[in-house]
Amino acid sequence: MHSLTINNIAQEDAVGYAVIAGVSKVKFELKIKESEVKGPQKAVSPDPAVAEPKSEEPKETPSAPTESSAPDTSGTVSDGIAPEGLPEIHQPDTRQDLTGLFTEKPQSGEVNVGDKSGKHLQLKEHYDRNTKVYTFEMHIIAAKGNFAGAYRCEVSSKDKFDSCNFDLAVSVCSCFVACDSFLSCSSTDAGEDSGELDFSALLKKRAVHVSTESEVDVWEILQKASPSEYEKIAFQHGITDLRGMLKRLKKMKKEEKKSAAFLRKLDPAYQVEKGHKIKMQIEVANPDAEVKWLKNGQEIHLTGRYIFESVGNKRFLTINNCTLADDAAYTCMIGEEKTITELFVKEPPVLIVRNLEDQMVMKGERVEFECEVSEEGAQVKWEKDGVELTRDESFKYRFKKDGCKHVLIINDVTKEDCGHYRVKTNGGQSLAELMVQGKYLESFKASFICKLLSPATDVFRSVLIHKLTIDDVKPEDEGDYTFVPEGYAFNLSAKLNFLDPPKIHLDCMGRTAESTILVVAGNKLRLDVPITGDPAPIVVWTKGEKVLTDSDGHVHVESTKGHCIFTIEGAERQDEGVYSVIVRNPAGEDTADINVKVVDVPDPPEAPRILSVGEDSCIVQWDPPLFDGGQPVIGYVLERKKKKSYRWMRLNFDPYKETTYEAKRMIEGVAYEMRVYAVNAIGMSRPSAASQPFVPVAPTSEPTGLCVEDISDTTISLKWRAPERIGSAELEGYGVEYCKEGSDEWIPAFKGLTERTSVIIRDLPTGEKMQFRVRAYNMAGPSPGHHMNHLYSVIAERPKIWVPRNLRQTLIKKVGEMINLVIPFQGKPRPQVTWTKNDEPLDPKQVSIRNSDTDTILFIRRSERKDSGKYDVQVQIENVEDRASVNIQIVDLPGPPQNLKVIDVWGFNVALEWKPPKDNGNCDITGYTIQKADKKTMEWYTVFEQYRRTNCVVSDLIMGNEYVFRVYAINMVGLSPEPCLSKDSAYIQKTGIVYKPPSYKEHDFSEAPKFTHPLVSRSVIAGYSATLSCSVRGIPKVSTCDLNIKGHALYCRGYCHAETEKAQPAGTFKGVFGSPFSTS
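Calculation criteria
Residues numbered from 1 in each chain as written. Predicted model: local features only at pLDDT ≥ 70, side-chain atom pairs only at ≥ 80, totals over all residues. Heavy atoms only, no water. Helix = DSSP H or I, 4+ residues; strand = E, 2+ residues; numbered from the N terminus. Buried < 20%, exposed > 50% of the residue type's maximum accessible area, 1.4 Å probe, protein only. Contact = heavy atoms within 4.5 Å. Areas by Shrake-Rupley, 256 points an atom, 1.4 Å probe, with all protein chains shown as cover. Pairing = 2+ DSSP bridges. Axes fitted to C-alpha atoms, helices over the stretch in contact; angles between N-to-C directions. Phe/Tyr/Trp six-rings, centres within 6.5 Å; stacked < 30°, edge-to-face > 60°. Lys NZ or Arg CZ within 6 Å of the ring centre and 35° of its normal. Core = buried A, V, L, I, M, F, W, Y, C linked by side-chain atoms within 4.5 Å. Salt bridge = Lys/Arg side-chain N within 4 Å of Asp/Glu carboxyl O. Patch = residues over 30% accessible without salt bridge, like charges linked within 9 Å, V, L, I, M, F, W, Y side chains within 5 Å. Polar contact = N/O pair within 3.5 Å; in protein donor to acceptor, adjacent residues only side chain to side chain. pLDDT = per-residue confidence, 0-100.

What follows covers the overall build of the protein chain. When helices and strands are tallied, the protein chain shows 4 helices and 80 strands. For the protein chain, the proportion of its 1080 residues judged to be buried stands at 38%. Intrachain contacts of the protein chain at a sequence separation of at least 6 include 63% that bridge at least 24 residues. Accessible surface, the protein chain: about 63,900 Å² in total, of which carbon and sulfur atoms supply 50%.

Structural data, given as structure tokens:
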């Protein structure tokens, strides 16, 4: 235990004191009240060697309060002793952090489920004008199980920022732990560094209270208490709105009024881990009600991260991939009613992904311990042998952050720096050892030589040389040496020194972007550059070729022991550049370059330009500023005001990145002005000059549905629909204009305006191609024109196709024949002719098309089977057209029949059967030709011609001969090129062979005549020849055929063929066949 005792305290003892333990330091002040100066007093300070830097002082020393002392010490826990009733993990951490804005940090604590005194979450802020300390308190009331977890507190002041984390545990025991958060910072108001913040950080745990009392009525207590106790009672019972509480002091507590718009409001608070998803839910009374979501008072717009859902009377807000920026207050509004909640984003634990490494260095060298963590910008804590390291005045320890990398830099290490170094995060730690060895000195000799003249009494005076040699010089040999010559009344002295070359210890050396020092214009830049060297080096600062001195205006250079200081008072743009520092001593020199960049807010943009105006909006455009202040422009902020007003209204709060903006929600007919600010990372520029005044009065939208209703030789009829948006101004009428092909001049189709949505335009030039448009007019002028997509011509003669009579039926051609179709048409101006085949474009390699003013010709030099199909021809003038079709059938010889078989042989007869050919030649098969041949002579004889069926019986064969057969297919083109031969032969046995028929009753094979192919109805042209055919079967054979038709009739073996030379008008024909037993 170490203590500082001050006897006979006087007013001059009321100053600042510091407790230093190793590399850690705690500052505190001693304040003396006038009433306490009368008698001798003693002030006791904690011993730094035992207590380390603490935030609490013993209760026995009230005469020496510190700035960080708690206002209420009745329950303060002694140093090093855990609060009673708390588990080990919740014991207060009394270690000190000297680098942040906090003078007192919140500690992890524990609360009970169900403890209740007011709202769930209450916040309070207090400022002490005397100590200039801000105190922030957070009370968690009526704790629930889901309130447990990690909490984060952030504080910022000017360009400073600090944060801390603490945990809250929720248990079901009967004890109550008051967990308050205190944030405070102090600033000095005088001296050279006026405006700079001097922060010290102390950790302190509030008292632990065990509550056994039943719930009390806060209102009843306040009515009985004096006004001086109001604040204390409010703090004890978690009431932060003291002013509102006093206003309602005279009223009894009543239930909250139910909302007419909300059936279920938002929960008081939500908690989500960083990177996770959160969904907030409300229930509304009206399922059709529209809700509005706000974040910190600003409306939330639908994006990829924010999703709005509506299911019945439930409304949901989903936030995906939550970040720390989402930690805010959220509001849901329906009309004037609203419900508010708080969202707390919990950061995941920071892990160490690359550990520290052990290092062994020589004395005087520089050491860097480097680690890498899982989160960029995370807070880490460095310790040496269990003692936290901070940035001290000697710059012994320096801390560097580069994304996820954290570096501890130790300059000019000594033996005292040996030890174990630890880096800590809230999710892990890493340990490394530093070993320092003495400098290795090469073996060399040191010699001191002194030359003296012999005494004057000698006749011949000589030079006496005295020499001192030190072999293998060691560091302990350094010092002063004195030579005392005998017989002389004086002595000589010399000094043995070890020279240390100079060295600059600086991280930001070089000219890269990473080593550039940024300073905001107008701010002060002070660089303390650590240097080493023995003897003390001489420091020279230069910028370019100019050497800087102490008298160079607002740029100052200064040298102290171990440091050279470079200061710029009120940085300006001309101070930007590369500064060089050179240190020299007899052992050598060292140089370093420091790149300083002066950044500022950008210049104001030029006056914005109004590109167009609408009914309640305008489109404004501007140019980027000529100078961006040394930092990229991240966006722009726009403002507008009424011309007769002095109040500018901001249009956007987040920087807008584009240089064109559409301003909305203006009043039509009122004059406005616009101006714009440029924003970079430093701040916002001065406003630009105001734009020219403008009035948001917009024309109507363009008419729709413009089309041609009719067209003739000199007139055209147009119609359209009214504009979708008329606006507040009255619609005056429509104007129609036309533009000739090849010209940009729009000519009014008639004088004045028309109120109708259709018009007939007369006296147009015949044959000219024109484009038409219609525009709506109001007091703001014409609307955008609605153009037609095509050019139209005035038609002198409507298009018409005249199909020749012979092409109205299917045109049949044989393969290889030429096709030449001439289709006449009419139309003026000359119509556009288009041919297609089966709705596909024609192949120009196979088909040639020639068009003239009066006809079109389709020409095929040598037709093929693939040329068959439906050919469509279309003639069109603008949107008027005519169509016609021509069917072409290309026929060819059929293929041979298939699979000719000998079915049976009996007596002098042979039964044959076959299948139709695969290829019918693109037309019907009209019959077959059957031939036989004796295998001895192989001479072929025709048995049947134009035979319609696919089976037959060949009779009258010669006994003892062997026969083969073949069949040809016949269509309208002719016989198939190849026959189908029978695979088997038929042998007709001789009569010497006696056949004994089986004894069975002879079957009656008689069959009445029956049509196998009836007559088919046909259409022919009057005066042309026509052919009718039919077939019939019957047993015995059909003997007679009667067709009541004027012409020729031929009957052969069940097939009847009739031909009339000149067809008469339509009629009905009847065929009658007869046999010995019946007729059909």
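Bringing the sheet that holds strand 47 (residues 660–663) into the picture now. Across the sheet, 3 strands lie side by side as 43-44-47; this open sheet has antiparallel pairing. Strands with a single pairing partner mark the edges of an open sheet, and in this sheet they are strand 43 (609–613) and strand 47. Between one strand and the next, the sheet's axes are offset by a mean angle of 25°, whatever the strand orientation. Here strand 44 (residues 618–621) pairs with strand 47 via 4 bridges, running antiparallel. Along strand 47, the bridge assignment pairs Gln621 with Thr660.

Take the packing of aromatic side chains next. Within this structure, the stated rule accounts for 12 aromatic pairs. Aromatic pair Tyr738 and Phe772: ring centres 6.2 Å apart, planes at 50°, arrangement tilted. In this pair, Tyr738 is assigned in strand 51 (residues 733–740) and Phe772 in strand 54 (residues 769–778), connecting sequence segments 34 residues apart. The burial state of Tyr738 is the same as that of Phe772; both residues are buried. One aromatic cluster is present, formed by Trp914, Tyr928, Phe944 and Tyr947 through successive ring pairs. The lysine or arginine in question, Lys641, covers the ring of Trp648, its NZ or CZ lying 5.4 Å from the ring centre. Across the ring face of Phe859, the terminal group of Arg850 is positioned such that the distance to the ring centre comes to 5.6 Å.

Quick look at the nonpolar core now. If you look at the biggest cluster of nonpolar residues, it comprises 24 residues, and the most contacted ones within it are Ile504, Leu525, Val529, Trp541, Phe566 and Ile594. Apart from residues lying up to four places away in sequence, Ile504 is in contact with Val529, Pro530, Ile531, Val581, Val583, Asp590, Thr591 and Ala592. Counting 22 residues, the second largest nonpolar core, distinct from the first, contains Leu266, Tyr270, Ile278 and Ile300.

A complete count under the given rule lists 25 salt bridges for this structure. Put simply, Asp326 and Lys295 hold a salt bridge, and the shortest N to O gap is 3.6 Å. With Asp326 in the loop between strand 18 (314–319) and strand 19 (329–334) and Lys295 in strand 15 (residues 292–295), the pair connects residues that are 31 residues apart, well separated along the chain. For Lys295, a relative accessible area of 19% corresponds to the buried category. Ionic pairing is found between Arg584 and Glu589, a salt bridge with its closest N-O pair at 2.8 Å. For Arg584, a relative accessible area of 38% gives the class partly exposed. You can call Glu589 partly exposed: its relative accessible area is 48%. Here the salt bridges share partners, and the residues they tie into one network are Lys295, Arg305 and Asp326.

Taken together, the side chains of Ile449, Leu453, Val463 and Ile465 make up a nonpolar region of the molecular surface, amounting to roughly 400 Å² of accessible area. At the level of elements, strand 30 (446–453) and strand 31 (463–470) are the ones that each hand at least two residues to the nonpolar patch. Mapped onto the fold, Ile449 is located in strand 30.

Below, the discussion takes up unusual backbone geometry. With glycine set apart, most residues show a phi of negative sign, and most peptide bonds adopt trans. In this structure, the amide linkage connecting Ile1035 to the following residue, Pro1036, adopts the cis form with an omega of -5°. Relative to the elements of secondary structure, Pro1036 occurs in the loop between strand 76 (1026–1035) and strand 77 (1040–1043). In this model, Asn899 sits at a positive phi of 55°, which is unusual for a non-glycine residue. Structurally, Asn899 is set in strand 67 (residues 898–906). A relative accessible area of 31% places Asn899 in the partly exposed class. Although it is not a glycine, Gln946 adopts a positive phi angle of roughly 55°. Of note, Gln946 is situated in strand 70 (residues 940–947).

The strand order across the open sheet formed by 3 strands is 67-68-71, and the pairing between neighbours is antiparallel. Each edge of the open sheet is held by one strand with a lone partner, namely strand 67 and strand 71 (951–954). Direction aside, the axes of adjacent strands within the sheet are offset by 20° on average. In the sheet, strand 68 (residues 909–915) pairs with strand 71 via 4 bridges, with the strands oriented antiparallel. When the sheet's bridge partners are listed, Val910 is paired in strand 71 with Val954.

One can find Asn971 in strand 72 (residues 962–971). Of note is the side chain of Asn971, whose polar atom sits 2.9 Å from the backbone oxygen of Asp892. In this structure the side chain of Asn971 is engaged in a polar contact, spanning 3.2 Å, whose partner is the backbone oxygen of Asn920. Leave out the neighbours within four places in its chain, and Asn971 touches Asp892, Leu893, Pro894, Asn920, Gly921, Cys923, Asp924, Ile925 and Thr926.

What follows deals with the confidence of the model for the protein chain. Of the residues in the protein chain, 74% have a pLDDT of 70 or more, and the chain-wide mean is 76. Scored below 50 in pLDDT, residues 173–215 shows 130 contacts in the model against residues more than four places distant or in partner chains. Note that residues 250–256 has pLDDT below 50 and, in this model, 2 contacts with residues that lie over four places away or in other chains.

Okay, the side chain of Thr856 next. As for its position among the elements, Thr856 is in strand 64 (residues 855–860). Side chain to side chain, Thr856 and Trp835 meet in a polar contact 2.9 Å long. In this view, Thr856 contacts Leu821, Val822, Ile823, Phe825, Val833, Trp835, Ile849, Arg850, Asn851 and Val873; residues no more than four positions away in its chain are not counted.

What follows concerns the environment of Ile747. Topologically, Ile747 is positioned in strand 52 (residues 747–748). Once the C-alpha coordinates of Ile747 and Val736 are considered, the two residues, 11 residues apart in sequence, prove to be 8.6 Å apart. Setting aside chain neighbours within four positions, we find Ile747 in contact with Val736, Glu737 and Tyr738.

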